[in-house]
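Here is what each chain is made of, one letter per residue.
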Amino acid sequence: VQLQASGGGLVQAGDSLRLACAASGRTFSSYAMGWFRQAPGKEREFVAAISWSGGSTYYADSVKGRFTISRDNAKNTVYLQMNSLKPEDTAVYYCAAGGRDDPIVVVTTIKGVRYWGQGTQVTVSS
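The residue count restarts for each chain, going from 1 along the sequence in the order it is written. With the structure being a predicted model, the display of local features is reserved for residues of pLDDT at least 70 and the display and counting of side-chain atom pairs for 80 or more, all residues being used for whole-chain, interface and lining totals. The basis for every side-chain value is the complete set of non-hydrogen atoms in the structure, without hydrogens or water.

A.B. asks: Before we go on, may I ask you to explain the overall build of the protein in this structure?
C.D. replies: A tally of regular secondary structure across the protein gives 0 helices and 11 strands. Working definition: helices are DSSP H or I runs of at least four residues, strands are E runs of at least two. Numbering for both runs from the N terminus. Traced from its N-terminal end to its C-terminal end, the protein shows the element sequence β-β-β-β-β-β-β-β-β-β-β. Note that the radius of gyration is over C-alpha atoms, with the globule rule given as 2.2 Å times the number of residues to the power 0.38. Relative to a compact globule of 126 residues, whose C-alpha radius of gyration would be 14 Å, the protein shows 13 Å and is just as compact. Reported as C-alpha extents along the three principal axes, the dimensions of the protein are approximately 40 × 25 × 25 Å. Looking at the protein residue by residue over its 126 residues, the buried ones come to 45%. Taking as baseline every contact in the protein between residues at least 6 positions apart, the subset at least 24 positions apart corresponds to 59%. In short, Shrake-Rupley with a 1.4 Å probe defines the accessible areas, and a residue's cover is counted only from the protein chains shown. Approximately 6,300 Å² of the protein is accessible, and the part contributed by carbon and sulfur atoms is 46%. Both charge centroids of the protein, one from 13 positive and one from 9 negative side chains, sit 5 Å from each other. Accessibility here uses a 1.4 Å probe with only protein chains present; expressed as a share of the type maximum, an area under 20% marks a residue as buried, one over 50% as exposed, and anything in between as partly exposed. Contacts are assigned to residue pairs that have any heavy atoms within 4.5 Å of one another. Note on charges: Lys and Arg go in the positive column, Asp and Glu in the negative column, and His and the chain ends are not counted at all. For charged residues, the charge sits on one atom: NZ in Lys, CZ in Arg, CG in Asp, CD in Glu.

Printed below as a string of structure tokens:
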């Protein structure tokens, strides 16, 4: 599985952004997907995850109520809608996938991720 993230940019606090992650392969719908982020000088951290069907989602407490993860299996794409952005959301955002048929919980931890996309920079100014 190859993952290509896009949609990052420079925004002001309170603004919104939508990230997208396009996946290659015909079995995209068999993979739970997730988003992680890494701020300068900090470790990579979990942001959000979604099950293969889209029926289950998990969020980090820091983004709950502001971010929404979704997927379109017909387009092989997973999205991260980010609202009410804060300066502390500034980071490189990475999309991730578990192994085929892995449960959603697998992509809530770095160790569980099988595939990484390249990062997309999100910068939120105050």
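A.B. asks: I would appreciate a short explanation of the pattern of salt bridges in the present structure.
C.D. replies: Each reported salt bridge corresponds to a side-chain nitrogen of Lys or Arg within 4 Å of a carboxyl oxygen of Asp or Glu. In total, this model carries 4 salt bridges according to the counting rule given. The salt bridge involving Lys 64 is made with Asp 61; its shortest N-O contact spans 3.1 Å. Owing to a relative accessible area of 67%, Asp 61 belongs among the exposed residues under this scheme. Overlapping salt bridges, with partners in common, bring together Arg 37, Glu 45, Arg 66 and Asp 89 in one network.

A.B. asks: Any chance you could explain the state of the cysteines here in plain terms?
C.D. replies: The bond known as a disulfide is covalent and runs between the sulfur atoms of two cysteines. The disulfide criterion is simple: two cysteine sulfur atoms within 2.5 Å. Scanning the entire structure with this criterion turns up 1 disulfide. Across the disulfide from Cys 21 sits Cys 95; the S-S distance is 2.2 Å. Residues Cys 21 and Cys 95 share a disulfide whose torsion about the S-S bond is about 55°; that sign makes it right-handed. Of the two residues, Cys 21 sits in strand 3 (residues 17-23) while Cys 95 sits in strand 9 (residues 91-97), which places them 74 residues apart along the sequence. With a relative accessible area of 0%, Cys 21 lands in the buried category.

A.B. asks: Before we go on, may I ask you to explain the sheet that holds strand 1 (residues 3-6) in this structure?
C.D. replies: The strands making up a sheet associate through hydrogen bonds between their backbones, and the pairing can be parallel or antiparallel. With respect to topology, 4 strands assemble into an open sheet ordered 1-3-8-7, the strand pairing being antiparallel. The sheet terminates laterally at strand 1 and strand 7 (67-72), the two strands that pair on one side only. Direction aside, neighbouring strands of the sheet carry axes that sit 15° apart on average. For two strands to count as paired, DSSP must find a minimum of two bridges between them. Whenever a helix is involved, its axis is fitted only over the stretch in contact; in every case the axis is a line through C-alpha atoms, and angles between N-to-C directions fall within 0 to 180 degrees.

A.B. asks: Mind showing me how you'd approach the pairing of strand 1 here?
C.D. replies: Sheet faces and side chains relate simply in a regular strand, where the side chains alternate between the two faces. Burial along strand 1 is one-sided: the residues Leu 3 and Ala 5 are buried and none of Gln 4 and Ser 6 is. Sheet analysis places strand 1 next to strand 3, joined by 4 bridges and oriented antiparallel. Across the sheet, residue Leu 3 finds its bridge partner in strand 3, namely Ala 23.

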